[in-house]
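Chain by chain, the residues:
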Amino acid sequence: SNLSKLDGSYGIKIGYIFLLLFVFRMVLLFYQSTQGNLPMSGGDSAVFHSNANKIITNANNFFQLLVPKSTLENRGDFFERLVAIIYYICGVKTQYIYFFSYIMSEIVVRYIFKISSYLSKKRHVATISCLIFYIWPLEIIYSVDYLREMTTQAFFAISLYYFIRYLFENDIRKLIIA
């Protein structure tokens with residue numbers, strides 16, 4: 001069957017599907033980073049932006065961005081610290097966070113491929129797994145928005161991959177990375 005191999009015309013068709021989806025997501029990303037009015041956007045991003053600015057304002061140096069002072073209005077959670085670091089390095093523009101979220105989304109897709117490939121030992125199963133994730137509507141919205149979900153998913157997918165490898169290989173280094 002065509003699903004058993006990813007070579008020849010079937011592999012090219014899958015490649016075209018991923019390319020079209022990538023272009024679609026990039027158009028959404030550029031639209032959302034300039035307009036900011038897709039579903040799921042709004043209040044959370046304003047809080048993250050404000051808190052990241054407060055972290056930068058209260059930090060005397062780069063290292064204080066890593067461990068900010070915690071106040072009631074500024075929780076200083078992990079995502080807000082990442083946003084503050086990106087702002088500190090690149091400048092305070094929300095577009096950078098939209099692109100950061102998209103990069104995190106691509107990392108999730110890569111690790112879904114690695115997990116599926118590792119467990120099934122079949123490239124076509126891993127590819128179909130990635131395709132299902134890539135076209136999931138909520139995933140598309142999260143990947144182009146200023147939200148912490150993509151960062152959380154990326155770290156979870158990386159951790160899950162190394163934890164699964166630890167379970168099968170009994171290599172303690174994999175558990176430490178996980």
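This text goes with the structure placed above it.
Description of the structure in this document. These numbers come from a predicted model, not from an experiment.

Considerations on the side chain of K174
So, point 1. With respect to the secondary-structure elements, K174 resides in helix α9 (residues 172–177).
So, point 2. Residue contacts for K174: discarding those within four places in its chain leaves Y162, R165, Y166 and E169.

Section: a nonpolar patch on the surface
So, point 1. Taken together, the side chains of L119, F163, L167, F168, I172, L175 and I176 present a nonpolar region at the surface, about 720 Å² in accessible area.
So, point 2. Every element with two or more residues in the nonpolar patch is listed here: α8 (149–169) and α9.
So, point 3. Assignment of secondary structure puts F163 in helix α8.
So, point 4. Looking at F163, the relative accessible area reads 35%, which means it is partly exposed.

Overview of the pattern of salt bridges
So, point 1. Tallied over the full model, the rule gives five salt bridges.
So, point 2. Here E169 ties to R165 by a salt bridge, and the two come within 3.0 Å at their closest N and O atoms. On the criterion of helical spacing, the pair formed by E169 and R165 is a turn pair, its members being four residues apart in helix α8.
So, point 3. According to the relative accessible area criterion, E169 is partly exposed, its value standing at 34%.
So, point 4. Given a relative accessible area of 18%, R165 falls into the buried group.
So, point 5. Here E169 and K174 are joined by a salt bridge, their closest N and O atoms 4.0 Å apart.
So, point 6. Judged by relative accessible area, which is 14%, K174 ranks as buried.
So, point 7. Salt bridges sharing common partners tie together R165, E169, D171, R173 and K174.

Quick look at α8
So, point 1. The end-to-end C-alpha separation of α8 is 30 Å, in line with the 30 Å expected for 21 residues at 1.5 Å each.
So, point 2. Of the residues making up α8, those classed as buried are M150, T151, A154, A157, Y161, Y162, I164 and R165.
So, point 3. Of the surrounding elements, those touching the buried residues of α8 are α4 (78–90), α5 (94–120), α7 (137–143) and α9.

Here's the deal with the packing of aromatic side chains
So, point 1. Throughout the structure, instances matching the rule amount to ten aromatic pairs.
So, point 2. With 5.5 Å between their ring centres and 70 degrees between their planes, Y111 and Y161 make a pair best called edge-to-face. Of this pair, Y111 sits in helix α5 while Y161 sits in helix α8, and the two are 50 residues apart along the sequence. One exposure class covers both Y111 and Y161, and it is buried.

Definitions and cut-offs
Residues numbered from 1 in each chain as written. Predicted model: local features only at pLDDT ≥ 70, side-chain atom pairs only at ≥ 80, totals over all residues. Heavy atoms only, no water. Helix = DSSP H or I, 4+ residues; strand = E, 2+ residues; numbered from the N terminus. Contact = heavy atoms within 4.5 Å. Patch = residues over 30% accessible without salt bridge, like charges linked within 9 Å, V, L, I, M, F, W, Y side chains within 5 Å. Areas by Shrake-Rupley, 256 points an atom, 1.4 Å probe, with all protein chains shown as cover. Salt bridge = Lys/Arg side-chain N within 4 Å of Asp/Glu carboxyl O. Buried < 20%, exposed > 50% of the residue type's maximum accessible area, 1.4 Å probe, protein only. Expected span 1.5 Å × (residues − 1). Phe/Tyr/Trp six-rings, centres within 6.5 Å; stacked < 30°, edge-to-face > 60°.

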